[in-house]
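Per-entry structural report
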Amino acid sequence: MSRHVVTGATGALGRSLVSALRSRGLEVTAVVRTPAQAPALVEAGAGVVVADLTRPGSWQDEIADATVVWHTAAPRLEPPVRRRAVGRRERAAARMAELVVDATEAERIVLASSMLSSRGPAGDGTALGRISTAAESRMPVDRTSIVRLGWPYNPESFLAFMVRGLLESRYRIVAEGTNRMPLISLPDATAALVAAGDGPPGTWSAHEPDVPTQKDLVHHLCAETGARRPDHLPVAMASLSFGRVLAEALTWDADCGTLSLVSEWAPSLDWRSDLVSAVGGGPG
């Protein structure tokens, strides 16, 4: 039987992916940072390996015979996000990817990346996207499927924070708000990764076809939740709350035509009808 290894298995995407692979009857090994994170994954039917992916160790031997590695692990970032923090996380992401690739001769590696690393109309992707780019650059081209995901919406995502911020009158539209923000739900992101793993190696994007601007998204969320429409905040002021890196990411205009969507995949949810309930938002 093929063996599937999922890194970042305690994150929202990693947990969802473990469940999806187990539902296919596949043997799954989940990589976690601490033993305390293991019980829920064991209950889901996965084996568990405890590892610090930024350091070489015995965990590499434990994943050496993997058939497919699903690399969803990424260094954690908490607002406010400063540029020096991005540099450290960029190096950590590169190190994680290098050690995972060195550990296994897996037939396929599927990397969960971000559309924030894509080039936009104005040039390169965001500073925040450099973390994803660092991991992408360490992947073996001949056996890797890279999926650049849109802004995710789930209870653990930044968009959940946005909804709560609007309800509490703490969120402001950053800059003019005319930048496009491609979105994707957790189940659709999971399905996109699985579809990419079933196809040939390459680099694709995954997001809903209806791409809102930041302002359109905020106004829709206000209408859905009953929150009052906020005013606008310059990037410099937003940086005091979010950090300059995240504030700039919130104004980045995504060129959604840069990459083709994952083939044999289409989103099942629609942010206009599903985002608020998916993040656990709405009026109290």
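Quantities reported herein were computed from a predicted structural model and do not represent experimental measurements. (Residues numbered from 1 in each chain as written. Predicted model: local features only at pLDDT ≥ 70, side-chain atom pairs only at ≥ 80, totals over all residues. Heavy atoms only, no water.)

**Let's talk about the overall build of the protein chain**
Looking only at helices and strands, one finds eleven helices and eleven strands in the protein chain. Its C-alpha radius of gyration of 19 Å places the protein chain within 12% of the 19 Å reference for a compact globule of 284 residues. Seen through its C-alpha atoms, the protein chain measures out along the principal axes to roughly 55 × 35 × 35 Å. With 284 residues in all, the protein chain has 54% of them scored as buried. For the protein chain, restricting intrachain contacts to residue pairs at least 6 apart in sequence, the fraction spanning at least 24 positions comes to 79%. Surface summary for the protein chain: the accessible area is close to 12600 Å², and the carbon and sulfur share equals 50%. Averaging the positions of the 29 positive and the 31 negative side-chain charges in the protein chain gives two centres separated by 8 Å. (Helix = DSSP H or I, 4+ residues; strand = E, 2+ residues; numbered from the N terminus. Rg over C-alpha atoms; globule rule 2.2 N^0.38 Å. Buried < 20%, exposed > 50% of the residue type's maximum accessible area, 1.4 Å probe, protein only. Contact = heavy atoms within 4.5 Å. Areas by Shrake-Rupley, 256 points an atom, 1.4 Å probe, with all protein chains shown as cover. Lys, Arg positive; Asp, Glu negative; His and termini not counted. Charge placed at Lys NZ, Arg CZ, Asp CG, Glu CD.)

**Description of helix H11 (residues 271-278)**
Within an α-helix, residues lying three or four positions from one another point in the same direction, as the helix has 3.6 residues per turn. Here H11 has its buried residues at Trp271, Leu275 and Val276. Within H11, the buried residues cover an arc of 105° as seen down the axis, which keeps them to one side. Opposite the buried face of H11, by more than 90 degrees, sit the exposed residues Ser273 and Ser277. Of the surrounding elements, those touching the buried residues of H11 are strand E7 (151-153), helix H6 (158-167), strand E9 (183-185) and helix H8 (214-225). (Arc of directions from axis to C-beta.)

**Description of the environment of Ala236**
Structurally, the position occupied by Ala236 is in helix H9 (residues 235-242). Considered as a pair, Ala236 and Glu248 are twelve residues apart in the sequence and their alpha carbons are 9.3 Å apart.

**What to know about the pattern of salt bridges**
One pass over the full model with this rule turns up 13 salt bridges. A salt bridge links Glu136 to Arg148; its shortest N-O distance comes to 2.7 Å. One end of the pair, Glu136, is in helix H5 (residues 130-136); the other, Arg148, is in strand E6 (residues 144-149), with twelve residues separating them in the sequence. Of the two residues examined, Glu136 and Arg148, each falls in the buried class. Between Asp210 and Arg272 there is a salt bridge; the shortest N-O distance is 2.7 Å. Remark: Arg272 occurs in helix H11 and Asp210 occurs in the loop between strand E10 (202-206) and H8; sequence separation between them is 62 residues. For Arg272, a relative accessible area of 39% translates into the label partly exposed. Linked by salt bridges that have partners in common, Arg95, Glu98 and Arg138 make up one network. (Salt bridge = Lys/Arg side-chain N within 4 Å of Asp/Glu carboxyl O.)

**Some points on the sheet that holds strand E2 (residues 27-32)**
Across a sheet, paired strands are connected by hydrogen bonds in the backbone, their directions being either parallel or antiparallel. Across the sheet, which stays open at both edges, the seven strands sit in the order E3-E2-E1-E4-E5-E6-E10 with parallel pairing between neighbours. Taken across any chain shown, the strands that pair with only one partner, and hence form the sheet edges, are strand E3 (47-50) and E10. Strand-to-strand twist in this sheet, taken as the mean axis angle between neighbours without regard to direction, amounts to 20°. Of the pairings in the sheet, the one linking strand E4 (residues 68-71) to strand E5 (residues 108-114) comprises four bridges and is parallel in character. The partner of Val69 across the bridge, within E5, is Ile109. Contacts between helix H1 (residues 12-23) and the sheet are confined to strand E1 (3-7), E2, E4, E5 and E6, with E1 contributing the most and set at about 165° to the helix. (Pairing = 2+ DSSP bridges. Axes fitted to C-alpha atoms, helices over the stretch in contact; angles between N-to-C directions.)

**Description of the nonpolar core**
The biggest cluster of nonpolar side chains holds 43 residues, and the ones touching the most others in it are Trp151, Met162, Tyr171, Leu217, Leu246, Leu250 and Leu275. Top contributing element to this core by residue count: H6, with six residues. Residues within four places of Leu250 in sequence aside, it is in contact with Trp151, Phe158, Tyr171, Val174, Asn179, Met181, Gln214 and Phe242. In this structure, Val6, Leu13, Leu21 and Val68 belong to the second largest nonpolar core, which totals 29 residues. (Core = buried A, V, L, I, M, F, W, Y, C linked by side-chain atoms within 4.5 Å.)

**A few points about the packing of H8 against H11**
In the contact formed by H8 and H11, the axes pass within 10 Å of each other and the chain directions differ by 65°. The orientation of H8 relative to H11 falls into the category roughly perpendicular. At the point where H8 passes H11, the crossing takes the right-handed sense. Counted together, Leu217, His220, Leu221, Glu224 and Thr225 of H8 and Trp271, Arg272, Leu275 and Val276 of H11 form the full contact between these two elements. (Parallel < 35°, antiparallel > 145°, perpendicular 65-115°, else oblique. Left-handed = near helix turned anticlockwise from the far one by under 90°.)

Bear in mind that shape data such as this cannot, by itself, settle questions of function.
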